[in-house]
Amino acid sequence: MSLPKISSSSAIQISRIMRPDDANIAGNVHGGTILKMIEEAGAIISTRHCNSQDGERCVAALARVERTDFLSPMCIGEVGHVSAEITYTSKHSVEVQVNVMAENILTGSKRVTNRATLWYVPLSLTNVDKVTEVPPIQYEKKELEEEGKKRYEDQKLERMETKQRNGEFIVPSVNQDRQNKEEYTVGYSQSSLIHLVGPSDCTLHGFVHGGVTMKLMDEVAGIVAARHCKTNIVTASVDAIDFHRKIKKGCIITISGRMTFTSNKSMEIEVFVDADTLVGDTQERYRAVSAYFTYVSLSKEGKPLPVPQLVIESEEEKKRFEEGKGRYLQTKAKRQAHMQSLTQQ
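- Within an unreviewed UniProt entry, the label attached to the chain reads palmitoyl-CoA hydrolase, and the organism entered is Xenopus tropicalis.
- The UniProt entry for the chain carries the following text under Subcellular location (unreviewed entry): "Cytoplasm".

Describing helix α4 (residues 210-229)
Part 1: Relative to the 28 Å expected for 20 residues at 1.5 Å per residue, α4 spans 28 Å between its end C-alpha atoms, a close match to the ideal helical length.
Part 2: Counting buried positions along α4 yields 15 of 20 residues, so the element is predominantly enclosed.
Part 3: One or two positions beyond α4, positive phi appears at K230, with a value near 60°.

Topic: unusual backbone geometry
Part 1: Its identity is not glycine, yet Y184 carries a phi of approximately 70°, on the positive side.
Part 2: Within the element layout of this structure, Y184 appears in the loop between α2 (142-165) and α3 (186-189).
Part 3: A relative accessible area of 29% means that Y184 is categorised as partly exposed.
Part 4: Phi angles above zero are rare outside glycine, and K230 is one such case at about 60°.

Reading guide: rules and limits
- Residues numbered from 1 in each chain as written.
- Predicted model: local features only at pLDDT ≥ 70, side-chain atom pairs only at ≥ 80, totals over all residues.
- Heavy atoms only, no water.
- UniProt positions renumbered as here; feature names shortened; annotations may be inferred.
- Helix = DSSP H or I, 4+ residues; strand = E, 2+ residues; numbered from the N terminus.
- Expected span 1.5 Å × (residues − 1).
- Buried < 20%, exposed > 50% of the residue type's maximum accessible area, 1.4 Å probe, protein only.

Below is the structure:
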């Protein structure tokens, strides 16, 4: 039996027009809307691939999203085109790379808005705790397989490190008395959202779609950023999103966000998703997902605005600020190195 190749047959594209309920009041499409579309494309192509050979039927579940940059805001009325391609497979996981383009259907012009890399694992339809084997793909070049294997090992290590340092539960702040908090502090902008997981949120297994979770995370992060700046804000990037544990239908999830770092023109917001199981033999609360979102503040003309600096009130906040500063400087250095390599080509 011949193996699937990395080619047009291993790629799909989904498209839809952006409507007012996809965007903020300034007309910029929510980052969470884009993330949900990205995950939908990834889930389709990875599930299709994992069922491409005879064997146990399965559904691909999202395990991780690598750092995702929002290169350009998408607007109401534009068509979002999401292209997904399988670029690497291990025995039990699939790497999917996704490109997002915005099309102005009045002029025909197109521009790239996002690039993302997602990792999926196939779960048996009859036993959700069983991870099935992934059909291998045939690489056009040996180098592509070696590069994919390195990416696989790197993300596996990072997932383990993230799980080990996964922090404390954030106390939900939906009833927080913000009037008594000083502006620009962590407590002033901290926000939470509580959501009951229903059937429409879930896969065939009865577990939450990764895209649904990411959309809610972006919504909370956006509230934190807007409270801090009081201006139009847009998602600039999302650090790696790790899905630590599955969230089952009927769970109550608390999505909490807090400001960790501000530079002159950007804000980093830490977002956690904690799940409470209310039905079944065991009731527990656990950390399900974690990530860092970066937002920027924009003027009416779409130009970046200065960000009010975060007011630090405790040693713990200072520690998180310094860690966020380290991530910011590391990302900035990588971006500068990438731009320099492009100019030298």
